[in-house]
Amino acid sequence: MDDRTYTADAEPGDHVTVAGWAHEIRDLGGIAFLIVRDKTGKIQVKFAKDEMDEDLVETGTNVSRESVVQVTGSVEEEPRAPTGVEIVPESVEVVAPADPELPLDPSGKVDAELPTRLDNRTLDLRRDEAKAIFEIRATVLAAVRDYFRSQNATEINTPKIVATGTEGGTELFPITYFGQEAFMNQSPQLFKQLMVGSGLERVFEIGPIFRAEEHNTPRHLNEATSIDFESAFIDHQGAMDVCEGALKAAYEAVAEECADELETLGLAEAFEVPEEAFPRLSYEEAIERVNATGDLDEQLVFGDDLSTEAEKALGRDVGGHYFITDWPSEVKPFYIKDHDDDPDLSTGFDMMHPNMELVSGGQREHRHDELVAGFEQQGLDPDAFEYYTKMFRYGMPPHAGFGLGGERLVMTMLGLDNIREAVLFPRDRQRLSP
Ligand code: AMO
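Residue indices begin from 1 for each chain and proceed along its sequence in written order. A pLDDT threshold of at least 70 governs which residues receive local features in this predicted model, and a stricter bar of 80 or more applies before side-chain atom pairs are shown or counted, although totals over entire chains, interfaces and linings include all residues. To get the side-chain values, all heavy atoms of the structure are used, and hydrogens and water are removed first.

1. Focus: the UniProt feature "binding site: Mg(2+) 2" (unreviewed entry) in the chain
Here is step 1 of the chain: UniProt positions are given in the numbering used here, feature names are shortened, and annotations may be inferred rather than shown by experiment. Sites flagged by UniProt as "binding site: Mg(2+) 2" (unreviewed entry) map to Glu-357 and Ser-360. As for the largest pocket, its lining draws on Glu-357 and Ser-360 from among the annotated residues.
Here is step 2 of the chain: Helix numbers and strand numbers start at the N terminus; a helix is a DSSP run of H or I with at least 4 residues, a strand a run of E with at least 2. For Glu-357, the location among the structural elements is in strand β17 (residues 356–363).
Here is step 3 of the chain: A 1.4 Å probe rolled over the protein chains alone gives each residue an accessible area, and that area as a share of the maximum for its type sets the label: buried under 20%, exposed over 50%, partly exposed in between. The class for Glu-357 is partly exposed, based on a relative accessible area of 24%.
Here is step 4 of the chain: Only heavy atoms enter the contact rule, under which two residues are in contact if any of them lie within 4.5 Å. Apart from the residues within four sequence positions on either side, Glu-357 is in contact with Glu-311, Asp-350, Met-351, Met-352 and Arg-408.
Here is step 5 of the chain: Within the structure, Glu-357 has its side chain in polar contact with the side chain of Ser-360 (distance 3.3 Å).
Here is step 6 of the chain: Here Ser-360 lies in strand β17.
Here is step 7 of the chain: Ser-360 has contacts with Lys-332, Phe-349, Asp-350, Phe-402 and Gly-403, leaving out every residue within four places of it along the chain.
Here is step 8 of the chain: Side-chain atoms alone can form a polar contact between residues adjacent in sequence; in general such a contact is a pair of N or O atoms within 3.5 Å, and within protein one must be able to donate a hydrogen while the other accepts it. Separated by 3.4 Å, the side chains of Ser-360 and Asp-350 make a polar contact. Grid points spaced at 1 Å and placed over the protein atoms alone form the basis of the search, with a cavity being a set where a 1.4 Å probe fits but cannot get out and a pocket an open set showing protein on both sides within 12 Å along at least five of seven lines. Lining residues have an atom within 4 Å of a point.

2. Overview of the UniProt feature "binding site: L-aspartate" (unreviewed entry) in the chain
Here is step 1 of the chain: Annotation from UniProt places "binding site: L-aspartate" (unreviewed entry) at Glu-167, Arg-211, Ser-360 and Arg-364. Residues that both appear in the annotated list above and line the largest pocket are Glu-167, Arg-211, Ser-360 and Arg-364.
Here is step 2 of the chain: Locating Glu-167 in the fold gives a position in the loop between β7 (161–162) and β8 (174–177).
Here is step 3 of the chain: Glu-167 gets classed as buried once you look at its relative accessible area, which sits at 13%.
Here is step 4 of the chain: Residues within four places of Glu-167 in sequence aside, it is in contact with Gln-186, Ser-187, Gln-189, Arg-211, Pro-333 and Tyr-335.

3. Side note on unusual backbone geometry
Here is step 1 of the chain: The amide bond that connects Ser-433 to the next residue, Pro-434, takes the cis arrangement and shows omega of 0 degrees.
Here is step 2 of the chain: By secondary structure assignment, the location of Pro-434 is in the segment after α12 (406–414).
Here is step 3 of the chain: Phi is positive for Glu-201, which is not a glycine, with a value near 65 degrees.
Here is step 4 of the chain: For Glu-201, the position within the fold is in the loop between α5 (189–196) and β10 (202–210).
Here is step 5 of the chain: The exposure class assigned to Glu-201 is partly exposed, which follows from its relative accessible area of 40%.
Here is step 6 of the chain: Of note in this structure, Phe-233 is not a glycine but carries a positive phi near 60 degrees.
Here is step 7 of the chain: As for its position among the elements, Phe-233 is in the loop between β11 (223–232) and α6 (236–257).
Here is step 8 of the chain: Take Phe-233: its relative accessible area is 57%, and that puts it in the exposed class.

4. Considerations on the site of the ligand
Here is step 1 of the chain: Close to the ligand lie 22 residues; Gln-189, Lys-192, Glu-357, Ser-360 and Arg-364 are nearest.
Here is step 2 of the chain: In the environment of the ligand, a nitrogen atom lies 3.1 Å from a nitrogen or oxygen atom belonging to the side chain of Tyr-335.
Here is step 3 of the chain: A distance of 2.8 Å is found between an oxygen atom of the ligand and a side-chain nitrogen or oxygen belonging to Arg-364.
Here is step 4 of the chain: Here the Shrake-Rupley method, with its probe set to 1.4 Å, supplies the accessible areas, and only the displayed protein chains count as covering residues. With the chains in place, 93% of the 620 Å² that the ligand exposes on its own is no longer accessible.
Here is step 5 of the chain: In this description, a molecule resides in a pocket or cavity if more than half of its atoms sit within 2 Å of the grid points defining it. If you map the ligand onto the pockets, it falls in the largest pocket.
Here is step 6 of the chain: Going through the elements one at a time, α5, β17 and β18 (399–405) are the ones with two or more residues in the shell around the ligand.
Here is step 7 of the chain: The element best represented in the shell around the ligand is β17, accounting for five residues.
Here is step 8 of the chain: Asp, Glu, Lys and Arg are counted as charged, while Ala, Val, Leu, Ile, Met, Phe, Trp, Tyr, Cys and Pro are counted as nonpolar; the rest, among them Gly, fall into the polar class. Here the shell around the ligand is built from residues that sort into seven nonpolar, seven polar and eight charged. The criterion for a residue being near a molecule or strand is simple. One of its heavy atoms has to lie within 4 Å of it.

What follows is the structure, encoded as structure tokens:
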């Protein structure tokens, strides 16, 4: 099969072997068509019953849908064929037959519910729409990787089995590690910070994070993909610049490289690369603006977190991506640095899509004693984090960074109504397999 031709590359006059799935069989009496589908598209194979070998016609027209087939023949121009060409076959081989009863219909003619699709992701991703999401996801990840590399950041991989949590608010998944309690990592936060103090200085990681969120929502996963960046010698403003650059780079790459996929998803016209600078609203301005919309039953006061409704009201008001900066110190984690001139205000920021939060970040507390004091204020035991705090005694530069949710980025970019659409095999309260 090494010398097979992709269906999209078959040109009139070629002699080809194509391999793929039996997408559809159309029997019109004297003539029958087998549509073969592969990664690149579909091609029609024509069987003229009276003119061809009986066994050949029999194999090609009785094959069950979604069987794997290999067809050898000559490619001819045929304006009536869906792609303008068709194969006149010399041989047809059923490489792997499919059961006639399929758990879902990859031609998409019969809709399936999301749980059925997730249970049968292999078949689901034979559908153009589902496949398009994951081609775009791959383009997004490649684009942010290229962008970080263009910014002189080094890709790192940090452990996912850890001794301590870092993100208050969500629970940890405990595991047993050779008889000792351990956890699945919630974020590479502490490791990426440790690396800005190393000779690498500027790092990024794209990897899984594990959150034992109890609630089941269309935008939470228990295992998500975090796009993390951290750099020495920048402040929160510098981190926001990189964050904005990474997001725009992802949109640009999708606009440039995924025209077919956007078309498949019905987004060819609507897809817009954000061009303008993202507004940077302070938390205080943000709550004032939410309150001024009049969309909330209760007015927000300083110190409140933004509810989903508040985020949505503000998103409608701003109308595009934006940052919320200068959060109250008390709502941000211990590793976020406070403003030097106002300890009640932090350098923490969020980057928002009009519909939801995509990013958290900030400048970090790099001074050892202040860092340890922050642990104590949050009721955390600094001794458990000694492996981390210790390195702040040996020359830890000022630094800043952020974490961007990979699935939320794809979800908001494509207007998906459920984050699970952007994950091959989502992990949630109900779903541990496949
Ligand atoms: P935070 O906890 O806000 O920050 O996570 C960063 C981003 O990751 C995504 N995300 C999730 N996506 C889907 N399901 C979840 N359960 C989930 N949890 C998080 C969101 C979120 O904005 N260490 C900090 C980042 C930093 O400061 O560098 C952190 O983890 O898009």
